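Notes for the structure review
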Amino acid sequence: MSEPKNKRQKREDYRAALRANGVTELPRKKFYRQRAHANPFSDHSLIYPPTPEQMDWASLYPHYAVEEPIAQKTETTESEETTGQELSAPAIRKLTKQVEVADIGCGFGGLLIALAPVLPETLVLGLEIRVSVTQFVEDRIKALRVQNEEQKLYRNIAVLRANTMKFMPNFFNKGQLNKIFICFPDPHFKARKHKQRIVSTTLNSEYAYVLRPGGIVYTITDVPDLHEWMVGHFNAHPAFERVSVEEQEADPLVEIMRNETEEGKKVTRHNGQKHVALFRRLEDPQWPEDVSA
């Protein structure tokens, strides 16, 4: 008589069966459970590109990919008269547009799913460090694409397992993004853990690097102390200014951010308060003219 399967084996069997038949039905969250938080300073055996140009975006957004030929050159010797002759080679797949919106710590993908039909012409990427949670969002998007194939929905969203505290500039070029969402991040209550918070002086400089002037960072949390921390750090950074409350409340994406994330829904169920703040990326100051020239 075989022993009953443990929970881990049940989860693995469920995911394997789902993918073996092609992901056509929405995944069940209970088979993708994982610890609520992960240490961003641990070695997570992540795969990341050396530069943004070397990132394989076509595998995440196949409907926006086109093939481009690669020109190769022949090897020549000193005795050969011809050099640099081009040869035919396999094509590489490139996107017709770049990712412009990033959801950092996307969790189970609630915001991604809600943004897909609202920003139909924009590529949106969720970044999540936890393995099982990333797999859930990946399977969820695959199923939604299949179920909405005729309407061509959910092709503009994708998820990537990544540690943005370490590797964000490896994925995005300078000024590539126009929106960054930071929704209900880990508060890391203990003072000695504050260095693990996703908003800091150093990380804000990286957000400023990948965000184009005029772009917006959206933040939301149910922890007042963390809200004050994020506001303080963004206000202190020379590349950002806080968006007025009037402009913030007029932004339709704010209401989506409040209500569509799994964490946001949990806060609503418990009658909690949600603290929102938006920050605009400022233009870089001009370099002073060289008076000695």
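Residues numbered from 1 in each chain as written. Predicted model: local features only at pLDDT ≥ 70, side-chain atom pairs only at ≥ 80, totals over all residues. Heavy atoms only, no water.

1. Concerning the overall build of the protein
Summing up its helical and strand segments, the protein has nine helices and 11 strands in all. A sequence separation of at least 24 residues applies to 77% of the contacts in the protein between residues at least 6 apart. Accessible area for the protein stands at about 17,000 Å²; split by element, carbon and sulfur atoms hold 50% of it. (Helix = DSSP H or I, 4+ residues; strand = E, 2+ residues; numbered from the N terminus. Contact = heavy atoms within 4.5 Å. Areas by Shrake-Rupley, 256 points an atom, 1.4 Å probe, with all protein chains shown as cover.)

2. Here we look at the nonpolar core
With 43 residues, the main nonpolar core has Trp 57, Tyr 61, Leu 125, Phe 172, Ile 180 and Tyr 207 as its most contacted residues. Residues contacting Phe 172, with those up to four places away along its chain left out, are Pro 52, Trp 57, Val 99, Ala 102, Leu 125, Leu 127, Leu 177, Tyr 209 and Val 210. (Core = buried A, V, L, I, M, F, W, Y, C linked by side-chain atoms within 4.5 Å. Buried < 20%, exposed > 50% of the residue type's maximum accessible area, 1.4 Å probe, protein only.)

3. Some details on the side chain of Arg 155
Relative to the helices and strands, Arg 155 resides in the loop between α3 (131–147) and β7 (157–161). With no salt bridge to any partner, buried Arg 155 finds its closest opposite charge in Glu 149, at an N-O distance of 5.2 Å. For Arg 155, the side chain forms a polar contact with the side chain of His 63, separated by 3.5 Å. Arg 155 has contacts with Tyr 61, His 63, Tyr 64, Arg 145 and Glu 149, leaving out every residue within four places of it along the chain. (Lys, Arg positive; Asp, Glu negative; His and termini not counted. Salt bridge = Lys/Arg side-chain N within 4 Å of Asp/Glu carboxyl O. Polar contact = N/O pair within 3.5 Å; in protein donor to acceptor, adjacent residues only side chain to side chain.)

4. A look at the pattern of salt bridges
Side-chain pairs of opposite charge can arise where the charged atoms are in close proximity. Per the stated rule, a full pass over the model turns up 13 salt bridges. Salt-bridge contacts for Glu 241 lead to Arg 280; the nearest nitrogen and oxygen are separated by 3.0 Å. Placement of Glu 241 in strand β10 (residues 240–242) and of Arg 280 in strand β11 (residues 275–281) is noted, with a sequence separation of 39 residues between them. One salt bridge in this structure joins Glu 255 and Arg 258, with 3.5 Å as the shortest N-O distance. Taken together, the positions of Glu 255 and Arg 258, both in helix α8 (residues 252–260) and three residues apart, correspond to about one turn of that helix. On the basis of relative accessible area, Glu 255 is assigned to the partly exposed category, the value being 45%.

5. Remarks on the UniProt feature "active site" (unreviewed entry) in the protein
According to UniProt, the "active site" (unreviewed entry) feature falls on Asp 186. Within the secondary structure, Asp 186 is located in the loop between β8 (177–183) and α5 (201–210). One polar contact links the side chain of Asp 186 to the main-chain amide nitrogen of His 188, over a distance of 3.0 Å. (UniProt positions renumbered as here; feature names shortened; annotations may be inferred.)

6. Observations regarding the UniProt feature "binding site: S-adenosyl-L-methionine" (unreviewed entry) in the protein
Feature annotation in UniProt places "binding site: S-adenosyl-L-methionine" (unreviewed entry) on Gly 105, Glu 128, Ile 129, Asn 163, Thr 164, Cys 183, Thr 261, Glu 262 and Glu 263, given in this structure's numbering. Note that Ile 129 resides in the loop between β6 (123–128) and α3. Along the chain, the position of Asn 163 falls in the loop between β7 and α4 (164–171). Side-chain polar atoms of Asn 163 contact the backbone nitrogen of Met 165, separated by 3.1 Å.

7. Side note on the packing of aromatic side chains
Summed over the entire model, instances satisfying the criterion amount to six aromatic pairs. Plain terms: the ring middles of Tyr 48 and Phe 167 are 3.8 Å apart, the flat faces sit at 15° to each other, and that makes the pair stacked. Pair noted here: Tyr 48 is in the loop between α1 (7–20) and β1 (65–68) and Phe 167 is in helix α4, with a separation of 119 residues, a long-range link. Note on Phe 167: relative accessible area 17%, which makes it buried. Measuring from ring centre to ring centre gives 4.6 Å for Phe 234 and Phe 279, while their planes differ by 20°; the resulting arrangement is stacked. (Phe/Tyr/Trp six-rings, centres within 6.5 Å; stacked < 30°, edge-to-face > 60°.)

8. Quick word on the pairing of strand β5 (residues 99–104)
Summarising burial for β5: five of the six residues are buried, a large majority. As defined by bridge partners, β5 adjoins β6 across five bridges and the pair is classed as parallel. From the neighbouring strand, Ile 104 faces β6, where its bridge partner is Leu 127. This β-α-β element, β5 to helix α2 (residues 110–118) to β6, shows right-handed connectivity. (Pairing = 2+ DSSP bridges. Right-handed = clockwise from strand over helix to strand, strands pointing away.)

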